[in-house]
Amino acid sequence: MDDRRSHNQNNEDGNSSNHEDDDSDDEHMDSNRAIAVVRPPGHHACEDKAMVAAKHALDTERANRVCILDWDIHHGNGTQDLTFDDPDIFYISLHRLGSNPSTTFYPGTGKPEEVGYGTASGANLNIGWTSCGMGNVEYAAAFSELVLPLLSAYKPDLILISCGFDAVKDDHIGDCNLTPDMYYSMTRSVIKTVGLSVPVVVALEGGYNLDIIPLCMEAVALAMLDEPLDYRKKKKLPLRSAKSVGASSDLFNSLPTELNEKKTNITNNKINNRNERKQTHRRKETRMSILSRLEDGRRELSHLWLHNATNDKQR
């Protein structure tokens, strides 16, 4: 960094923007948040990268307590298996258990009674939905009543988020109803609850709708940057959908004919499934009307928990 500054200072043009770039680089280097834009770490695998990162942080004494928060719609059986007996890693998973109580949803693990083993008993929390269609209201309630209070009590030194977007509405597999702004709210609530000094790392997981994934990823990135969700509006930037930048249509148009046919079948199935769900969604409309109040309450609760934790520490 020093060599580059010296080079900029001796630049014949004397362009001051180089110094500004260096200051900006230093500012970002000091950040304790990161997003890993990588192929899914694989929370079903026996060597899940999020788990390996947690173990490495503990082994190198960069953290004493790590929380892995997994909101991919599939249970992270690989992560759970490798942290089940470790009291220094708190694994929290929100996922589907089945389409109804009599069926299972891949991988079929993640039952509430799976709470950890030995000294790690209680360091494994499974919030498993027993039906499809879970949306903002249900996730807001889970965060308000379970996730945020437990994070506050556990006081982790590092947060690793297995960030799947397959619980979003219109995902081809997840069959749930989260919206991109809920991913923003969940991310912000975690940051506020654990405090700004605790490092937070987001690693991508699943997601099967190319039109929606970019919007969810943008929401999480804005939350990690402490930017408002309406960032584009405030900065007077064009409001774009994923489709407008060719996130899915260009990709599908470049595929072989047989895959284009598969795309058509997926689209038709999606339309049929949406029509079948409409009646169920209507019954939930009255519950959805309290979403904003629940989110406001959750935010207020997170601030109260932080305030109480600070007061307890001062006492």
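Look above for the structure.
Here's what I pulled together on the structure shown here. Predicted model, so just to flag it, every value in this text is computed and none were measured.

What counts as what
- Residues numbered from 1 in each chain as written.
- Predicted model: local features only at pLDDT ≥ 70, side-chain atom pairs only at ≥ 80, totals over all residues.
- Heavy atoms only, no water.
- Phe/Tyr/Trp six-rings, centres within 6.5 Å; stacked < 30°, edge-to-face > 60°.
- Helix = DSSP H or I, 4+ residues; strand = E, 2+ residues; numbered from the N terminus.
- Buried < 20%, exposed > 50% of the residue type's maximum accessible area, 1.4 Å probe, protein only.
- Lys NZ or Arg CZ within 6 Å of the ring centre and 35° of its normal.
- Axes fitted to C-alpha atoms, helices over the stretch in contact; angles between N-to-C directions.
- Parallel < 35°, antiparallel > 145°, perpendicular 65-115°, else oblique.
- Left-handed = near helix turned anticlockwise from the far one by under 90°.
- Contact = heavy atoms within 4.5 Å.
- Nonpolar A, V, L, I, M, F, W, Y, C, P; charged D, E, K, R; others polar.

**Observations regarding the packing of aromatic side chains**
The description of an aromatic ring pair uses the distance of the two centres, along with the angle that the planes make with each other. According to the stated counting rule, one finds five aromatic pairs in the structure shown. Ring geometry for F90 versus Y154: centroids 5.1 Å apart, planes at 50°, classification tilted. Remark: Y154 occurs in helix α5 (residues 136-154) and F90 occurs in strand β3 (residues 89-96); sequence separation between them is 64 residues. A single burial state applies to F90 and to Y154, both of which are buried. Between the aromatic rings of F165 and Y183, the centroid separation amounts to 5.1 Å while the plane-to-plane angle is 85°, which identifies the pairing as edge-to-face. Here Y183 lies in helix α6 (residues 180-194) and F165 lies in the loop between β5 (158-163) and α6, a separation of 18 residues in the sequence. Of the two residues, F165 and Y183, both sit in the buried class. An aromatic cluster of three or more residues is present, and its members are W71, F143, F165 and Y183. Over the face of the ring belonging to Y154 we find R65, whose NZ or CZ atom lies 4.5 Å from the ring centre. Just above the ring of F105 sits the side chain of R96; from NZ or CZ to the centre is 4.1 Å.

**A few points about the packing of α6 against helix α7 (residues 213-224)**
Relative orientation of the contacting elements α6 and α7 amounts to 25°, with a least axis distance of 8 Å. Between α6 and α7, the angle falls in the class roughly parallel. Considering only the axes of α6 and α7, their crossing is right-handed. Here α6 contributes P180, Y183, Y184, T187, R188 and I191 to the contact with α7, which in turn contributes L215, C216, A219, V220, L222, A223 and M224. Classifying every residue of the contact of α6 with α7 gives 11 nonpolar, one polar and one charged.

**Some details on unusual backbone geometry**
The linkage connecting Y106 with the following residue, P107, adopts the cis geometry, with an omega of 5°. Note on placement: P107 falls in the loop between β3 and β4 (124-129). One non-glycine residue, E61, lies in positive phi territory at about 60°. Of note, E61 is situated in the loop between α3 (49-59) and β2 (66-70). According to the relative accessible area criterion, E61 is exposed, its value standing at 69%.

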